[in-house]
Amino acid sequence: MLLRLSYLAVSSVFAFIRLLPMSDVDKNIEILTLRHQLAVLQRQSDRPGAVTLADWVG
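Residues numbered from 1 in each chain as written. Predicted model: local features only at pLDDT ≥ 70, side-chain atom pairs only at ≥ 80, totals over all residues. Heavy atoms only, no water.

> Can you tell me about the overall build of the protein chain, naming the residues and giving the values?
Regarding its fold elements, the protein chain presents three helices and zero strands. Traced from its N-terminal end to its C-terminal end, the protein chain shows the element sequence α-α-α. Its C-alpha atoms give the protein chain a radius of gyration of 19 Å, more than 25% over the compact-globule value 10 Å for 58 residues. Judged by the C-alpha coordinates and their principal axes, the protein chain covers about 50 × 35 × 15 Å. Per-residue burial over the protein chain gives 2% buried out of 58 residues. Accessible area for the protein chain stands at about 5800 Å²; split by element, carbon and sulfur atoms hold 68% of it. In the protein chain, 6 positive and 5 negative side-chain charges are present, and the distance between their average locations comes to 1 Å. (Helix = DSSP H or I, 4+ residues; strand = E, 2+ residues; numbered from the N terminus. Rg over C-alpha atoms; globule rule 2.2 N^0.38 Å. Buried < 20%, exposed > 50% of the residue type's maximum accessible area, 1.4 Å probe, protein only. Areas by Shrake-Rupley, 256 points an atom, 1.4 Å probe, with all protein chains shown as cover. Lys, Arg positive; Asp, Glu negative; His and termini not counted. Charge placed at Lys NZ, Arg CZ, Asp CG, Glu CD.)

> Provide a residue-level description of the confidence of the model for the protein chain, including the pertinent values.
Scored by pLDDT, the protein chain comes out at a mean of 85, with 93% of its residues at no less than 70. Across the protein chain, helix α2 (residues 24-44) holds the top mean pLDDT of 90, while helix α3 (residues 53-57) sits lowest at 79. (pLDDT = per-residue confidence, 0-100.)

> Provide a residue-level description of a nonpolar patch on the surface, including the pertinent values.
Taken together, the side chains of V10, V13, F14, F16, I17 and L20 define a hydrophobic patch exposed on the protein surface, amounting to about 620 Å² of accessible area. As for its position among the elements, I17 is in helix α1 (residues 2-19). Since its relative accessible area comes to 45%, I17 is described here as partly exposed. (Patch = residues over 30% accessible without salt bridge, like charges linked within 9 Å, V, L, I, M, F, W, Y side chains within 5 Å. Salt bridge = Lys/Arg side-chain N within 4 Å of Asp/Glu carboxyl O.)

Structure below.
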């Protein structure tokens, strides 16, 4: 657990450091790319069915 937390903290710091020297154009391109990836993944995933009584009762 502690190892995972430290890994997440370090990777977040590196991600933040990587974003500092980026220009606004670079950031906008990355955002558009991520939005496109999300749209593609949402089209590929199956939609869940209707909620049934079994979902509520557990």
